Amino acid sequence: MYPTISVIIPTFNRYSLLGETLDSIIAQTFKNWECIVVDDGSLDYTSELLDCYVTNDPRIKYFTRPKNRKKGANTCRNFGFEISKGDYINWFDDDDIMHPEKLELQYEHLKNSNYNFTVCKASVFETSTTNIIGIRNENIISENVFLDYLKMNINWLTQPPLWRKYFLNQQNLLFDEELQAAQEWEFHCRMLAVSPKYLTLEKSLIYLRKHNSSITYNANKEFRDWHYFLARLKIYENEKLNLDEEAINFLRNYLINVFKAMVVAKNPFVIKAYKRFIFCEPQLKLQTKFNAFIAMVFYKAFNKGNKFLQKIKF
C-alpha cells in the first residue's frame, strides 16, 4: 500500500536531535505516511541512529545524498521528493517537532479542496516543547498574497505547508540548490506566483527549535546576508514571475540597500554581490557601477566612502 503523505527530512550531523523529530512523526495520529531521511554526509552517529529507526518502523527510510549531487539541504529536499511515493508532501527539518495531529488535520483540510497546499502556524521553543517562546509568524493570511510574502508581511518556513505532489511535479524547479539561507522564501515566492490561493490553519502544529547551530539563529550574519541578498536577486531576475512595478521597486530598493550595508560592513561576500547584481544590472548607469566599485575599495582601504554610496541608486 502506497503512503498518502511523504515527510522529507534533510539531515547533517544532528543525531542528538533527529531522534526526537522522528519520534514526533511516529506519534502522528495520521498513520499512512513515509518518512524519507536524506543524509547530507553526516560524520556523527546518524547512520547508527537511523538503522535502529528503520529496523523498528519500515515507514522510515534512510538515504544518503548521491555523491554526484551538490552538497546541501536543498539537494537533499529535492532528492527526497524525487524518490517519494506519497500523494502529499511535507518537507521538515531534522531539529523540529511535529504536533501529533499535524498530518491528520492538514490532510483532512486539503484532501477534498481544489487548493494545492495548506499552511499552519509554528511555535518556537527552547530545550523542550513545554518552553514555548512564541509564534514564529503570526501572519499567514493576506489579500495580496504574493506581494505580502515578497515583503515578508506574511511568512512561513519550510515545515508548515502540506503540498499536493501533483502540483509540485508541474514545477520546473523546487528548492534552489545554490541557496543556503532564505531558500524557503525564494521557493515560496515562486510557488505563490503560480498558485496564490491556499488554505490556512490558524493552529500551531509545529515546534521550531531555537538553538545555536540552527542557521536561522546562528551568528554568521555575513553569510546569511549574502544568501538573503542572493535569494531576492533570483526572484528579481526571474522573468517567468512577471513582477509588477511595486514588486520590482521593492526588490530594487532591497538589493541596493543591502549592497550598501555589505560595503559598510566590509562583508567578504560584497564582491559577489557586486558581480552578480551591480555589474550586470542593465538598469544601472555606468557611473553608478563605478561609484559602487569605488565605494567598496574606499571602505575596505580607508573605512569611508559614504559620498560614493549615496550615488548608488536606480
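Basis of the calculations
Residues numbered from 1 in each chain as written. Predicted model: local features only at pLDDT ≥ 70, side-chain atom pairs only at ≥ 80, totals over all residues. Heavy atoms only, no water. Axes fitted to C-alpha atoms, helices over the stretch in contact; angles between N-to-C directions. Helix = DSSP H or I, 4+ residues; strand = E, 2+ residues; numbered from the N terminus. Parallel < 35°, antiparallel > 145°, perpendicular 65-115°, else oblique. Left-handed = near helix turned anticlockwise from the far one by under 90°. Contact = heavy atoms within 4.5 Å. Nonpolar A, V, L, I, M, F, W, Y, C, P; charged D, E, K, R; others polar. Pairing = 2+ DSSP bridges. Core = buried A, V, L, I, M, F, W, Y, C linked by side-chain atoms within 4.5 Å. Buried < 20%, exposed > 50% of the residue type's maximum accessible area, 1.4 Å probe, protein only. 1 Å grid on protein atoms, 1.4 Å probe; cavity = no way out; pocket = protein on both sides within 12 Å on 5 of 7 lines; lining within 4 Å. Points joined across faces, edges and corners; volume = space filled by probe spheres on them. Phe/Tyr/Trp six-rings, centres within 6.5 Å; stacked < 30°, edge-to-face > 60°. Lys NZ or Arg CZ within 6 Å of the ring centre and 35° of its normal. Lys, Arg positive; Asp, Glu negative; His and termini not counted. Salt bridge = Lys/Arg side-chain N within 4 Å of Asp/Glu carboxyl O. Right-handed = clockwise from strand over helix to strand, strands pointing away.

1. With respect to the packing of helix H8 (residues 221-237) against helix H9 (residues 245-265)
Between two packed helices, both the angle of their axes relative to each other and the distance between the axes serve to describe the pair. As a packed pair, H8 and H9 sit with axes 10 Å apart at the nearest point and diverge in direction by 150°. One way to sum up the angle between H8 and H9 is to call them roughly antiparallel. Between H8 and H9 the crossing geometry is left-handed. Only Ile 248, Leu 251, Arg 252, Tyr 254, Leu 255, Val 258, Phe 259 and Met 262 of H9 make contact with H8, whose side of the interface consists of Asp 225, Trp 226, Tyr 228, Phe 229, Arg 232, Leu 233, Ile 235 and Tyr 236. Of the residues assigned to the contact of H8 with H9, the class counts are 13 nonpolar, no polar and 3 charged.

2. Focus: the pairing of strand E7 (residues 128-135)
With 4 bridges connecting them, strand E6 (residues 117-126) and E7 associate as antiparallel partners. Bridge assignment links Ser 123 to a residue of E7, and that residue is Ile 135. Turn length for the E6-E7 hairpin, with the two strands adjacent in sequence and antiparallel, is 1 residue, and the turn residue Thr 127 shows positive phi of about 70°.

3. Describing the nonpolar core
Grouped together as the largest cluster of nonpolar side chains are 58 residues, with contacts concentrated most on Trp 91, Leu 150, Trp 156, Trp 163, Leu 168, Phe 229 and Phe 259. For this core, the leading source of residues is H9, giving 8 residues. Non-local contacts of Phe 259, meaning those with residues more than four positions away in its chain, are made with Phe 229, Val 270, Ala 273, Tyr 274, Ile 278, Ala 292, Met 296 and Ile 312. If you look at the next biggest cluster of nonpolar residues, it comprises 30 residues, including Val 7, Ile 60, Val 124 and Leu 199.

4. What about the layout of surface pockets?
Where empty space is left becomes clear once a probe the size of a water molecule has been rolled over the atoms. Within this model, the second largest pocket holds a volume of roughly 270 Å³. Taken together, 14 residues form the lining of the second largest pocket, with Asn 172, Arg 190, Asn 238, Lys 240 and Leu 241 sitting closest to its centre. Here the residues of the lining of the second largest pocket are counted per class, giving 5 nonpolar, 4 polar and 5 charged.

5. Thoughts on the packing of aromatic side chains
Taken as a whole and assessed by the stated rule, the structure comprises 26 aromatic pairs. A ring pair is formed by Phe 117 and Trp 163, whose centres lie 4.4 Å apart and whose planes are at 25°; its orientation type is stacked. In this pair, Phe 117 is assigned in strand E6 and Trp 163 in strand E8 (residues 162-164), connecting sequence segments 46 residues apart. Side by side, Phe 117 and Trp 163 carry an identical accessibility label, which is buried. Centroid distance Trp 163 to Phe 187: 5.5 Å. Interplanar angle 70°. Geometry classified as edge-to-face. One end of the pair, Trp 163, is in strand E8; the other, Phe 187, is in helix H7 (residues 183-194), and 24 residues separate them in sequence. For Phe 187, a relative accessible area of 0% gives the class buried. Cluster of aromatic residues (ring-pair linked, three or more members): Phe 81, Trp 91, Phe 117, Tyr 149, Trp 156, Trp 163, Phe 167, Phe 175, Phe 187 and Tyr 198. Lying across the ring of Phe 12, Lys 71 places its NZ or CZ 4.0 Å from the centre. Sitting over the ring of Phe 81, Lys 165 keeps its end group 5.5 Å from the ring centre.

6. Remarks on the side chain of Arg 252
On the secondary structure map, Arg 252 appears in helix H9. There is no salt bridge for the buried Arg 252, and the closest opposite charge comes from Glu 281, which lies 4.6 Å off by N-O distance.

7. A few points about the pairing of strand E2 (residues 33-39)
Consecutive side chains of a regular strand alternate in pointing toward one face of the sheet and then the other. Counting buried positions along E2 gives 7 out of 7 residues, so the element sits mostly inside the fold. Here E2 shows no split at all, with Trp 33, Cys 35, Val 37 and Asp 39 on one side and Glu 34, Ile 36 and Val 38 on the other all buried. On the question of chirality, the crossover connecting strand E1 (residues 5-11) to the parallel E2 by way of helix H1 (residues 15-26) is right-handed. Bridge analysis of E2 against strand E3 (residues 60-64) gives 5 bridges, and the strand direction is parallel.

8. Some words on the pattern of salt bridges
Applying the stated criterion across every chain, the model contains 20 salt bridges. In this structure, Glu 82 and Arg 69 form a salt bridge, with 3.1 Å as the shortest nitrogen-oxygen distance. Here Glu 82 is found in helix H3 (residues 73-83), whereas its partner Arg 69 is found in the loop between E3 and H3, with 13 residues between them in sequence. The exposure class assigned to Arg 69 is partly exposed, which follows from its relative accessible area of 22%. One salt-bridge network, held together by shared partners, links Asp 176, Glu 178, Lys 234 and Arg 276.

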